[in-house]
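Descriptive structure summary
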Amino acid sequence: MGQYHMKDVYITKIAKFLPNDPVGNDQMEARLGILNGSPSRAKNIVLRSNKIKTRYYALDENGNSTHNNAELTEAAIKNLCDDDFTVNDIELLSCGTSSPDQLLPSHAAMVHGLLKNGNLEINSASGVCCSGMNALKFGYLSVKSEQVSNAVCTGSERSSSRMTAHIFEDEMTALNRLETNPILAFEKDFLRWMLSDGAGAVLLENSPKGPISLKIEWMEGFSYAFEMETCMYSGGEKLDDGSLKPWSDYPSDQWGKQSLFSVKQDVKLLGEHILVKAVDSLKKAYDKHGITPDDVDYYLPHISSYFFKQGFYDEMKDQGVEMPWDKWFINLEKVGNIGSASIYVMLEELFHSKQLKKGDRILLFVPESARFAYTYAYLTVH
């Protein structure tokens with residue numbers, strides 16, 4: 001038996017969909033709603049740190065929904081397709097998100113239902129920011145192993161639906177009734193000023209096409225859940241011992257009173273560990289594949305906030321894997337933190353920037369604070 005040669009996998013098209021007009025910092029609270037009649041105390045502190053200037057919401061000016069998550073994803077896929085590659089040509093649909101429209105059916109099933117493009121395989125990746133990369137990896141492995149000749153992979157979020165004021169109304173009413181200080185806890189309020197909506201999509205094929213294609217050389221993922229407690233969560237409450245009590249173990253009248261379905265983050269845990277574990281995983285990826293920062297021309301890190309940018313650089317420098325600033329490519333300031341879609345939307349901008357040339361090497365980096373996981377992809381321009 002000769003050695004079996006797996007197919008190479010190329011990103012041949014990339015598209016995005018960002019809903020409605022960009023929302024500036026001074027318009028955010030009007031869109032998301034004011035809690036308890038007084039502006040958020042955390043808002044200005046958080047915005048000063050994250051340095052995001054505009055973001056997108058699937059909400060109109062009155063705070064009403066304009067798109068659900070599946071519709072955002074469908075729009076990105078339709079922007080990906082053209083006369084040469086139509087929705088009917090898709091063989092595999094792999095979708096990642098941390099904000100599906102419902103618990104069941106899966107997100108990919110709902111997107112396929114909107115596409116109405118015939119029989120195909122679907123895959124849904126759950127989790128937080130890494131879900132978009134996990135969706136990409138499923139597509140990558142499927143094309144590589146010749147299960148299919150193409151795959152469309154997506155990352156998408158509709159975070160605004162979990163951040164609008166009505167989500168927290170029951171909790172505010174309960175706090176008022178108890179005559180306690182009716183201010184939303186920082187771990188919930190913090191994320192209201194961090195997250196935004198949108199979707200990105202890539203087409204994977206087994207041969208390069210068009211002016212440039214991006215060959216996926218490898219993808220890696222590292223989880224630290226074996227040693228780290230939960231940091232970012234939704235659909236449960238974190239207990240004093242660090243464990244998570246699921247929403248299904250609470251009486252239904254408590255779901256609203258404790259805003260169990262809002263997204264929460266243990267900010268102290270995040271600050272202590274997110275960068276150290278990031279560089280630890282980065283070194284593991286470098287060592288496994290025999291590369292260093294010298295083998296990277298464009299570094300695309302998904303960072304949730306500019307607050308972490310300098311700290312991340314310093315941590316890399318301290319551990320001997322410094323990435324020079326001129327290799328960094330980030331668009332957080334313009335598009336906001338779109339979670340699992342961020343890496344797609346970043347890569348889409350670089351792909352269409354006309355600055356890539358054959359032979360360039362790109363490193364994608366996506367961290368996830370849920371329980372500390374990190375994913376990487378190494379691409380070369382063909």
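Right, let's walk through the structure included here. (Residues numbered from 1 in each chain as written. Predicted model: local features only at pLDDT ≥ 70, side-chain atom pairs only at ≥ 80, totals over all residues. Heavy atoms only, no water.)

**Here we look at the overall build of the protein chain**
Scanning the protein chain for helices and strands turns up twelve helices and 15 strands. Dimensions of the protein chain, computed from C-alpha atoms along their principal axes, come out at roughly 75 × 50 × 40 Å. The buried share of the protein chain, reckoned over its 382 residues, is 55%. Across the protein chain, 39 positive and 51 negative side-chain charges occur, with their mean positions spaced 2 Å apart. (Helix = DSSP H or I, 4+ residues; strand = E, 2+ residues; numbered from the N terminus. Buried < 20%, exposed > 50% of the residue type's maximum accessible area, 1.4 Å probe, protein only. Lys, Arg positive; Asp, Glu negative; His and termini not counted. Charge placed at Lys NZ, Arg CZ, Asp CG, Glu CD.)

**Some remarks on the environment of Ile291**
Positionally, Ile291 belongs in the loop between α9 (267–289) and β13 (298–301). Taking C-alpha positions, Ile291 is 25 Å from Ser145, a pair spaced 146 residues apart along the chain. Among all residues touching Ile291, those that are not within four sequence positions of it are Trp218, Tyr286 and Tyr378. (Contact = heavy atoms within 4.5 Å.)

**What to know about helix α5 (residues 130–144)**
Here α5 is 15 residues long and its end C-alpha atoms lie 20 Å apart, about the 21 Å a rise of 1.5 Å per residue gives. Following α5 by one or two positions, Glu146 has its phi on the positive side, about 65°. (Expected span 1.5 Å × (residues − 1).)

**A closer look at the pairing of strand β1 (residues 10–17)**
Buried residues dominate β1, accounting for six of its eight residues. As judged from the seven bridges shared by β1 and strand β7 (residues 198–205), these two strands associate in the antiparallel manner. Bridge pairing in β7 links Ile14 to Val202. By the bridge criterion, two bridges tie β1 to strand β8 (residues 214–223) in an arrangement that is antiparallel. Looking at the pairing, Tyr10 lines up with Lys215 of β8. (Pairing = 2+ DSSP bridges.)

**Things to note about the sheet that holds β13**
Taken together, nine strands build an open sheet; the order of strands is β5-β4-β6-β7-β1-β8-β15-β14-β13 and the sheet is mixed. Each of the sheet's edge strands pairs with one partner strand only, and the pair in question is β5 (121–125) and β13. For this sheet, the mean inter-axis angle between neighbouring strands, taken without regard to orientation, is 20°. Relative to strand β15 (residues 373–381), β8 runs antiparallel, the two sharing nine bridges. Within β15, the residue paired with Ile216 across the bridge is Leu379. Of the strands in this sheet, β8, β14 (361–368) and β15 are in contact with α9, which crosses β15 at around 45°. (Axes fitted to C-alpha atoms, helices over the stretch in contact; angles between N-to-C directions.)

**Looking at the packing of aromatic side chains**
All told, the structure shown has 15 aromatic pairs when counted by the stated rule. For the pair Phe222 and Tyr376, a centre-to-centre distance of 6.1 Å together with 70° between the ring planes defines the contact as edge-to-face. With a gap of 154 residues between them, Phe222 in strand β8 and Tyr376 in strand β15 connect regions that are remote in the sequence. Here the guanidinium or amino end of Lys245 rests over the ring plane of Tyr250, the centre of that ring lying 4.3 Å away. (Phe/Tyr/Trp six-rings, centres within 6.5 Å; stacked < 30°, edge-to-face > 60°. Lys NZ or Arg CZ within 6 Å of the ring centre and 35° of its normal.)

**Thoughts on helix α10 (residues 309–318)**
Along α10, the positions that sit buried rather than exposed are Phe312, Tyr313, Glu315 and Met316. The buried residues of α10 occupy an angular sector of 160° when projected down its axis, which confines them to one face. Contacts from the buried residues of α10 go to α9, β13 and β14. Taken from the residues just after α10, Gly320 is the one with a positive phi, measuring 80°. (Arc of directions from axis to C-beta.)

**Observations regarding the packing of helix α3 (residues 69–80) against helix α4 (residues 107–115)**
Put simply, α3 and α4 touch, their axes get as near as 9 Å, and they point 60° apart. Relative to α4, α3 is oriented oblique. The chirality of how α3 crosses α4 is right-handed. Each of Asn69, Ala70, Glu71, Thr73, Glu74, Ile77 and Lys78 in α3 lies in contact with α4, whose residues at this interface are His107, Met110, Val111, Leu114 and Leu115. (Parallel < 35°, antiparallel > 145°, perpendicular 65-115°, else oblique. Left-handed = near helix turned anticlockwise from the far one by under 90°.)

**Quick look at unusual backbone geometry**
For the bond running from Leu104 to Pro105, omega is 0°, close enough to zero to count as cis. With respect to the helices, strands and loops of the structure, Pro105 is situated in the loop between β4 (92–97) and α4.

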